[in-house]
Amino acid sequence: MEYLRLDIVRKNGEILIGIKFKLNVSHMEKKPPSIKFIAKMSNCSSASVSNVINGKGSVGAKTRELILKNLRKYKYKINPSARSLRVRKSETIAVVFRPEINIFASEFYLNVIRGFYKRISEFGYDVLLSEFDFLGCDGKSVPKFILNGKADAVAILNSPIGGGFKKILKDFEIPSVILDASIPEFDSVESDAFNALLEVVSYLHRMGHRNIAYFGFESDGINSKTRMKAFLEAMAANGICGGVKLCEMFASEKEAFAKFDKVFARKNAPTAIVVCNDVFGTAVIRHAQEMGFRVPADISVFGYGDISLAEHSSPSLSTVHVDASKLGEMGAETLLARIENPKLRPSNKKLSCGLVIRESVKPV
């Protein structure tokens with residue numbers, strides 16, 4: 001307190017006491033200005049101030065400029081946590097994947113995420129990567145990023161989803177999209193496996209192959225089953241469904257190669273193999289060579305994905321080209337549409353693919 005002054009005044013026989021004092025505010029904690037105070041200083045409503053702070057609504061240019069000036073002048077500070085609770089926005093999207101998918105070792109999924117982030121960031125969103133067991137979820141173990149409101153929406157990388165996690169997404173009203181796979185009740189974006197494999201089988205058929213095998217990898221998720229089904233339909237469409245001697249999904253390379261050794265020891269062994277992804281395709285080439293087979297002279301191999309490993313294997317792997325970055329961008333656009341309008345019907349978008357013919361395939 002800088003001073004205190006006491007004035008005693010007589011008026012009409014009464015004694016009036018006046019007290020004047022001035023506080024030294026530099027020694028006191030200043031109370032932060034409220035939205036109501038900023039509105040008063042700006043001669044506008046509190047709603048207008050709130051709209052300017054949150055980037056919402058329509059506020060006149062002059063009023064907006066005055067509000068911003070007063071926000072700076074009175075050092076108004078936005079509380080991020082309070083704002084998140086108020087507008088229910090974290091401006092973050094969670095990209096979630098299964099524990100068994102090592103995304104940091106997967107060129108394909110890194111490119112999917114890259115495309116997804118490129119598009120989603122244009123709308124001011126950040127991306128949070130999170131590992132979660134979708135199938136083991138009982139509906140009670142809620143991921144922290146959902147429980148703490150750290151994500152406005154979820155993008156799920158190629159994974160089956162159990163009833164527990166579906167319940168969580170429904171209870172918390174979290175917009176979501178499946179990337180590189182399809183689940184009926186969810187928005188999804190995936191490569192057009194049927195038409196791609198129809199082209200693959202048709203090409204092998206033109207090369208004279210009638211006995212064609214399919215190798216699937218269980219850890220490849222939902223799309224491995226989708227691709228195996230598409231392969232069988234493509235074989236039937238080409239009238240060579242009787243030529244399938246091996247069409248299975250395997251839990252490990254060791255299991256797959258044990259079956260490979262058994263089947264390819266026969267006289268009527270397949271002349272070509274189609275595999276669910278390029279990593280597995282290059283592994284098949286190596287194993288076949290170790291077993292004394294020549295690729296493609298004895299066995300033709302066709303992959304799926306067109307990652308850089310396919311081009312640099314020896315021999316280089318013929319494959320289905322999937323624009324992983326484009327797939328991610330399509331997923332981001334689908335999720336943005338869902339965030340904007342939660343009542344949209346679930347959509348399944350398919351990315352067109354093309355064949356890349358390299359050294360691992362030759363005519364019979």
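Not measured: the values here are computed from a predicted model.

A cis amide bond links valine 295 to the next residue, proline 296, at an omega of 15°. Relative to the assigned elements, proline 296 resides in the loop between helix 11 (278-290) and strand 11 (300-302). With omega at 0°, the peptide bond leading from serine 314 into proline 315 counts as cis. In this structure, glutamate 173 takes a positive phi of about 50° despite not being glycine. The backbone phi angle of aspartate 180 is positive, close to 70°, even though this residue is not glycine. With respect to the helices and strands, the residue aspartate 180 is situated in the loop between strand 6 (176-179) and strand 7 (187-191). Among the residues examined, aspartate 180 registers a relative accessible area of 3% and is labelled buried.

Residues of helix 7 (residues 163-171) that are buried include every one of Gly164, Phe165, Ile168 and Leu169, and no others. The arc that holds the buried residues of helix 7, viewed along the axis, is 135°, so those residues lie on one side. For helix 7, the exposed residues lying more than 90 degrees away from the buried face are Gly163 and Lys170. Where helix 7 is buried, its residues meet helix 6 (144-147), strand 5 (153-157) and strand 6. Of the residues trailing helix 7, glutamate 173 is marked for its positive phi of about 50°.

This part covers the packing of helix 10 (residues 253-263) against helix 11. Taken N-terminus to C-terminus, the directions of helix 10 and helix 11 make an angle of 45°; their axes are 11 Å apart at the nearest point. The angle between the axes of helix 10 and helix 11 places the two elements in the oblique class. Considering only the axes of helix 10 and helix 11, their crossing is right-handed. Here Glu253, Ala256, Phe257, Phe260 and Asp261 of helix 10 come into contact with helix 11, specifically with Phe280, Ala283, Val284, His287 and Ala288. Class assignment of the residues belonging to the contact of helix 10 with helix 11 gives a composition of seven nonpolar, one polar and two charged.

Here the focus is the nonpolar core. Among the nonpolar cores identified, the biggest contains 74 residues, and Phe116, Leu157, Phe215, Ile273, Val274, Phe280 and Val284 are the most heavily contacted of them. By residue number, the principal contributor to this core is helix 8 (residues 193-206), which donates seven residues. What valine 274 contacts, discounting residues up to four positions off in sequence, is Leu197, Val200, Leu204, Ile212, Ala213, Tyr214, Phe215, Phe231 and Phe302.

Right, let's talk about the sheet that holds strand 8 (residues 212-217) for a bit. Read across the sheet, four strands follow the order 9-8-10-11 without closing on themselves; strand pairing throughout is parallel. The open sheet is flanked by strand 9 (247-250) and strand 11, the only strands paired with a single partner. Here the strands of the sheet are splayed against their neighbours by 20° on average, with no regard to which way each runs. Across three bridges, strand 10 (residues 272-275) lies against strand 11 in parallel orientation. Residue pairing across strands places valine 274 opposite phenylalanine 302, the latter belonging to strand 11. On top of the sheet, helix 8 reaches strand 8, strand 10 and strand 11; it is set at about 170° to strand 10, its chief contact.

On to the pairing of strand 8. The two faces of the sheet receive side chains in turn, since in a regular strand these alternate between them. With six of six residues buried, strand 8 is to be regarded as a mostly interior element. Here strand 8 shows no split at all, with Ile212, Tyr214 and Gly216 on one side and Ala213, Phe215 and Phe217 on the other all buried. One ladder, built from four bridges, connects strand 8 with strand 9; its direction is parallel. Bridged to phenylalanine 215 within strand 9 is glutamate 248.

Across all of its chains, the model carries ten salt bridges by this definition. The closest approach of N and O atoms between lysine 167 and aspartate 171, which form a salt bridge, is 2.7 Å. With lysine 167 and aspartate 171 both in helix 7 and four residues apart, this pair spans about one turn of that helix. Exposure remark for aspartate 171: the relative accessible area of 46% places this residue in the partly exposed category.

Before going further, it helps to examine the side chain of serine 48. With respect to the helices, strands and loops of the structure, serine 48 is situated in helix 2 (residues 46-54). For serine 48, a relative accessible area of 19% gives the class buried. Reaching out from serine 48, the side chain makes a polar contact with the side chain of serine 45 at a distance of 3.1 Å. Ignoring sequence-local partners within four residues, the contact set of serine 48 consists of Val59 and Ile67.

A few words now on the packing of aromatic side chains. Per the stated rule, a full pass over the model turns up 13 aromatic pairs. Judged by centre distance (6.0 Å) and plane angle (90°), the rings of phenylalanine 260 and phenylalanine 293 are edge-to-face. Taken together, the residues span a long stretch of sequence, with phenylalanine 260 in helix 10 and phenylalanine 293 in the loop between helix 11 and strand 11 at a distance of 33 residues. Judged by its relative accessible area of 24%, phenylalanine 293 falls in the partly exposed class. Relative to phenylalanine 293, the ring of phenylalanine 264 has its centre 6.0 Å away and its plane inclined at 70°; by these criteria the two rings are edge-to-face. One end of the pair, phenylalanine 264, is in the loop between helix 10 and strand 10; the other, phenylalanine 293, is in the loop between helix 11 and strand 11, with 29 residues separating them in the sequence. Phenylalanine 264 sits in the buried class, given a relative accessible area of 6%. Feature note: the residues Phe215, Phe217, Phe250, Phe257, Phe260, Phe264, Phe280 and Phe293 constitute an aromatic cluster, connected by ring pairs.

Parameters at a glance
Once a new chain begins, its residue numbering starts again from 1 and follows that chain's sequence as written. With pLDDT at 70 or above as the cut-off, local features in this predicted model cover only qualifying residues; side-chain atom pairs require 80 or more to be listed or tallied, and sums for whole chains, interfaces and linings still use all residues. Computation of side-chain values covers all heavy atoms of the structure but excludes hydrogens and water. To qualify as a helix, a DSSP run of H or I must reach at least 4 residues; to qualify as a strand, a run of E must reach at least 2; elements of each kind are numbered from the N terminus. Burial classification: accessible surface area is computed with a 1.4 Å probe over protein chains only, and a residue below 20% of its type maximum counts as buried, one above 50% as exposed, and the rest as partly exposed. To obtain the arc, one takes the directions from the helix axis to the C-beta atoms. Should any heavy atoms of two residues lie within 4.5 Å, those residues are considered in contact. The angle between two axes is taken between their N-to-C directions and runs from 0 to 180 degrees, where each axis is a line fitted to C-alpha atoms and a helix contributes only its stretch in contact. For this classification, under 35 degrees means roughly parallel, over 145 means roughly antiparallel, 65 to 115 means roughly perpendicular, and everything else is oblique. Put simply, a crossing is left-handed when the front helix is turned counterclockwise from the back one by less than a right angle, and right-handed when it is turned clockwise. In the scheme used here, Gly and all other residues not listed as nonpolar or charged are polar, with Ala, Val, Leu, Ile, Met, Phe, Trp, Tyr, Cys and Pro taken as nonpolar and Asp, Glu, Lys and Arg as charged. Among buried residues, those of type Ala, Val, Leu, Ile, Met, Phe, Trp, Tyr and Cys that are joined through side-chain atoms within 4.5 Å constitute a nonpolar core. A pair of strands is treated as paired once DSSP finds two or more bridges between them. Any carboxyl oxygen of Asp or Glu within 4 Å of a side-chain nitrogen of Lys or Arg constitutes a salt bridge here. In protein, a polar contact means a hydrogen-donor-capable atom and an acceptor-capable atom, both N or O and within 3.5 Å, with residues adjacent in sequence counting only if both atoms are side-chain atoms; elsewhere, any N or O pair within 3.5 Å suffices. Pairs were defined over the aromatic rings of Phe, Tyr and Trp, the Trp ring being its six-membered one, requiring ring centres within 6.5 Å. Orientation was assigned from the angle between planes: stacked under 30 degrees, edge-to-face over 60, tilted for the rest.

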